[in-house]
Amino acid sequence: MGAQLAKKRSASRRRSRRGGFQPMAEINVTPFVDVMLVLLIIFMVAAPLMTVGVPVELPKTSAASLPSENEEPLTVTVTADGVVMIQTTEVTREDLVNRLRAIAAERSDDRIFLRADGSVPYNTVAQIMGALNAGGFSSIGLVTDTGGPKLDGSDG
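All of the points below concern the structure found in this document. In this text, all values refer to a predicted model and were calculated from it rather than measured experimentally.

On to the nonpolar core. Ranked by size, the top nonpolar core spans 18 residues in total, and within it V76, L96, L100 and I128 carry the most contacts. With four residues, helix α4 (residues 122-134) is the largest single contributor of residues to this core. In this view, V76 contacts V84, M85, I86, L100, I112, F113, L114, R115, I128 and L132; residues no more than four positions away in its chain are not counted.

In structure tokens:
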């Protein structure tokens, strides 16, 4: 009985040496799909964190969003209590134009986004818009939330 097992082992070794490895005719996409799903989850979690972190209650409108660009958009925020911030840095109103001029000198794009709390008076928003223009930014986008009323009389 021991001799028969030895013959079977040596025969199977000979077959594997002669046959060698054959190339696989199929591509296994499972690892690729796993990696893509992990990346998708990472981007879904990270995307909301990439927005400017100053909390304001934006007014709601039915306007469409502006097209995105290659350069990171510059954002000026006016909070409900009247504090002005460039990105996440607080700036006094007197120093706003000087800071904006320095930033405009380093940027290739003259687009800037203004986020103002819905409770901020229109007069304050207009003054900040004038400061943005004086600071060298001629393309000012007003940031709002979607879902506001449509003033054209339609429901949808």
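Before going further, it helps to spend a moment on helix α3 (residues 93-106). Taking 1.5 Å per residue as the helical rise, α3 with its 14 residues ought to reach 20 Å, and the 21 Å between its terminal C-alpha atoms agrees with that figure. The set of residues buried in α3 consists of L96, V97 and L100. The arc that holds the buried residues of α3, viewed along the axis, is 90°, so those residues lie on one side. Residues E94, A105 and E106 are exposed on α3 and point more than 90 degrees away from its buried face. Where α3 is buried, its residues meet β2 (74-78), β3 (84-86), β4 (89-91), β5 (111-116) and α4.

Strand residues, when the strand is regular, have side chains that alternate between the two faces of the sheet. The buried fraction of β5 is high, at six of six residues. Alternating positions in β5 separate into two faces, R111, F113 and R115 on one and I112, L114 and A116 on the other, with burial throughout. Sheet analysis places β2 next to β5, joined by five bridges and oriented parallel. Across the sheet, T77 pairs through a bridge with R115, a residue of β5. Summarising the sheet, β5 and strand β6 (residues 139-142) pair through four bridges and their orientation is parallel. For I112, the partnering residue across the bridge sits in β6 and is I140. For the crossover that starts at β5, traverses α4 and ends in the parallel β6, the hand is right-handed.

Looking now at the environment of A131. For A131, the location among the structural elements is in helix α4. Look at A131 and you get buried, because its relative accessible area is 13%. A131 sits 31 residues away from L100 along the chain, and the two C-alpha atoms are 8.5 Å apart. When residues no more than four places from it in sequence are discounted, the contact partners of A131 are L96, V97 and L100.

Quick look at the pairing of β2 now. Among the five residues in β2, five count as buried, and that is most of the element. The side-chain alternation of β2 yields two buried faces, one formed by L74, V76 and V78 and the other by T75 and T77. Both β2 and β3 contribute to a ladder of three bridges, which runs antiparallel. Within β3, the position partnered with V78 by the bridge is V84. Between the antiparallel neighbours β2 and β3 lie five residues, among them G82 with a positive phi of about 90°.

Thresholds applied
- Sequence order as written defines the numbering, with residues in each chain counted from 1.
- Totals for whole chains, interfaces and linings use all residues, but because this is a predicted model, local features are given only for residues with pLDDT of at least 70 and pairs of side-chain atoms are given and counted only at 80 or more.
- Hydrogens and waters are ignored; side-chain quantities use all the structure's heavy atoms.
- Note on terminology: a nonpolar core comprises buried Ala, Val, Leu, Ile, Met, Phe, Trp, Tyr and Cys residues joined through side-chain atoms within 4.5 Å.
- Accessibility here uses a 1.4 Å probe with only protein chains present; expressed as a share of the type maximum, an area under 20% marks a residue as buried, one over 50% as exposed, and anything in between as partly exposed.
- The helix and strand labels rest on DSSP assignments: H or I over at least four residues marks a helix, E over at least two residues marks a strand, and numbering proceeds from the N terminus.
- Between two residues, a contact is recorded if the distance between any of their heavy atoms is within 4.5 Å.
- For a helix, the expected span equals 1.5 Å multiplied by the number of residues minus one.
- Directions pointing from the helix axis toward each C-beta atom define the arc.
- For two strands to count as paired, DSSP must find a minimum of two bridges between them.
- Crossovers are marked right-handed if the path from the first strand over the helix to the second runs clockwise, as seen with the strands pointing away from the viewer.

Remember, this is a structural readout, not a statement about activity or role.
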